[in-house]
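A closer look at the structure
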Amino acid sequence: LYTGEIETWRSSETGLSPVETYAAVVLPELDGATTPVPLFGLERSEAAGLDVTDAAPIAGRPERLARRVLAWARIRRTPPEARRVALVAYDYPPARGNAGNASYLDVSASLSAILARLEAEGYDVGGGSEDPLGELLDAGLDNEARGGPWQGEHLASERYLEAFERLPARRRDEVVARFGPPPGEILRDEQGLRVPGRWHGNVFVGLQPARIPGAGAEASHDQGLPPHHQYIAFYEHLRREGVHVVVHVGTHGTVEFTPGKELGLSDSCFPDLLQGDLPSLYVYTLGNPSESTLARRRWHATLVTHHLPDFVPSGLYGEAQELLD
């Protein structure tokens, strides 16, 4: 944090000052650095009647970074056929007709192409699928509340309660104040909290939960809105299933807009709590550098960018061409 004091950082909603942002994040990013986890700051104390400022480690942050580095190494050391991958598409804005929506990307075709490429690289994709997103929707494995049998994944309520109790008390209070006591009522049945998705061999294809089911697009960007119980359960389920890496497919999801510091996240910021030690990749359009910065800095994602669709001159005709001439 250079000149920043740890206690000031802890209480700050922004996290880093502009100077710290430039020196500690922007310049390293230009060199290719990822995962901006604050490791050291300043602490004040008194010695021999003097006000002394020392550099000190920020409790828990070096360990978090180390575990994420080890998680990346774990991927390298795991043979492809044993790697477990989560491909997450979006339900944005939340509605069945928008499932898999993304800016300038055909998510359905992309998911199929990714599965095919993974299979060619030796991953177990269970035979793959020509339309994994369509299969999810045909089976009703989305974020719509409906009765009848659910053929997707669950996180058992007792497992969720264990995970919920590990959250900081302040964050638990925020979730309960907005969505009631755990495990909540959103997409919950007698088996637990529903996780929209299915496995293709060792590759999970799923839909990220809505920030609020049925709400408009504005809820997706609401940094004051805590994630509900089923949202928290989704990422807890991926960790419990031993996923090596989570890949968010398309621009853009919502996890990077959950409450917490803008930059230099702590262990009480929701993006950090939801991600845990999971390595993250994010398929993102080149045409949205501002919000992709949030994905890099708040979700600690490594971006895999894609180009915009090609544009070609449409040409004119008749009197329109005459007018141009």
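Located above this text is the structure these notes cover.
In what follows, the accompanying structure is described.

What counts as what
- Residues numbered from 1 in each chain as written.
- Predicted model: local features only at pLDDT ≥ 70, side-chain atom pairs only at ≥ 80, totals over all residues.
- Heavy atoms only, no water.
- Pairing = 2+ DSSP bridges.
- Helix = DSSP H or I, 4+ residues; strand = E, 2+ residues; numbered from the N terminus.
- Axes fitted to C-alpha atoms, helices over the stretch in contact; angles between N-to-C directions.
- Patch = residues over 30% accessible without salt bridge, like charges linked within 9 Å, V, L, I, M, F, W, Y side chains within 5 Å.
- Areas by Shrake-Rupley, 256 points an atom, 1.4 Å probe, with all protein chains shown as cover.
- Salt bridge = Lys/Arg side-chain N within 4 Å of Asp/Glu carboxyl O.
- Buried < 20%, exposed > 50% of the residue type's maximum accessible area, 1.4 Å probe, protein only.
- Arc of directions from axis to C-beta.
- Contact = heavy atoms within 4.5 Å.
- Polar contact = N/O pair within 3.5 Å; in protein donor to acceptor, adjacent residues only side chain to side chain.
- Parallel < 35°, antiparallel > 145°, perpendicular 65-115°, else oblique.
- Nonpolar A, V, L, I, M, F, W, Y, C, P; charged D, E, K, R; others polar.

**Looking at the sheet that holds strand β5 (residues 188-189)**
Read from one edge of the open sheet, three strands run β4-β6-β5, paired in antiparallel fashion. Whereas interior strands pair on both sides, the edge strands pair on one side only; in this sheet they are β4 (153-155) and β5. The pairing of β4 with strand β6 (residues 192-195) spans three bridges and is classified as antiparallel. Directly across from Glu153, in β6, lies its bridge partner Val195.

**Let's talk about the sheet that holds strand β11 (residues 302-306)**
With respect to topology, six strands assemble into an open sheet ordered β7-β8-β3-β9-β10-β11, the strand pairing being mixed. Each of the sheet's edge strands pairs with one partner strand only, and the pair in question is β7 (197-200) and β11. Each strand axis lies, on average, 20 degrees off the axis of its neighbour in the sheet, ignoring direction. Inspection of the sheet shows strand β9 (residues 245-249) paired to strand β10 (residues 280-285) by four bridges, in the parallel sense.

**Some points on a nonpolar patch on the surface**
Among the surface-exposed residues, Tyr22, Leu27 and Leu30 lie close enough to one another that they form a single nonpolar patch of about 330 Å² accessible area. Its place among the elements puts Leu27 in helix α2 (residues 18-30). For Leu27, a relative accessible area of 34% translates into the label partly exposed.

**Quick look at helix α6 (residues 157-165)**
Three- or four-residue spacings in an α-helix give side chains the same orientation, since the helix completes a turn every 3.6 residues. Looking at α6, one finds that the buried residues are Ser157, Tyr160, Ala163 and Phe164. When α6 is viewed along its axis, its buried side chains cluster within an angular range of 120 degrees and face the same direction. Those residues of α6 that are buried lie in contact with β4, α7 (169-179), β5, β6 and α8 (229-240).

**Some thoughts on the pairing of β7**
Strand direction decides the pairing type here: β7 and strand β8 (residues 203-207), joined by four bridges, are antiparallel. The partner of Gly197 across the bridge, within β8, is Gly206. Connecting β7 to the antiparallel partner β8 that follows it, the hairpin turn spans two residues, and Gly201 within it adopts a positive phi of roughly 65 degrees.

**Some remarks on the environment of Ser17**
Take Ser17: it is sitting in the loop between α1 (6-11) and α2. A relative accessible area of 29% means that Ser17 is categorised as partly exposed. A sequence separation of 206 residues divides Ser17 from Gln223, and the C-alpha atoms of the two residues are 19 Å apart.

**Regarding the side chain of His228**
Structurally, His228 is set in the loop between β8 and α8. Take His228: its relative accessible area is 1%, and that puts it in the buried class. Side-chain polar atoms of His228 contact the backbone oxygen of Ala210, separated by 2.7 Å. When sequence neighbours within four positions are dropped, the list of residues in contact with His228 reads Phe179, Ile186, Pro209, Ala210, Arg211 and Pro213.

**Details of the packing of α6 against α8**
One can describe the packing of α6 onto α8 by two numbers: an axis separation of 10 Å at closest approach and a directional angle of 100 degrees. Put simply, α6 runs roughly perpendicular to α8. Every residue of α8 that contacts α6 at Arg159, Tyr160, Glu162, Ala163 and Phe164 is listed here: His229, Ile232, Ala233, Glu236 and Arg240. Of the residues in the contact of α6 with α8, the class split is five nonpolar, one polar and four charged.

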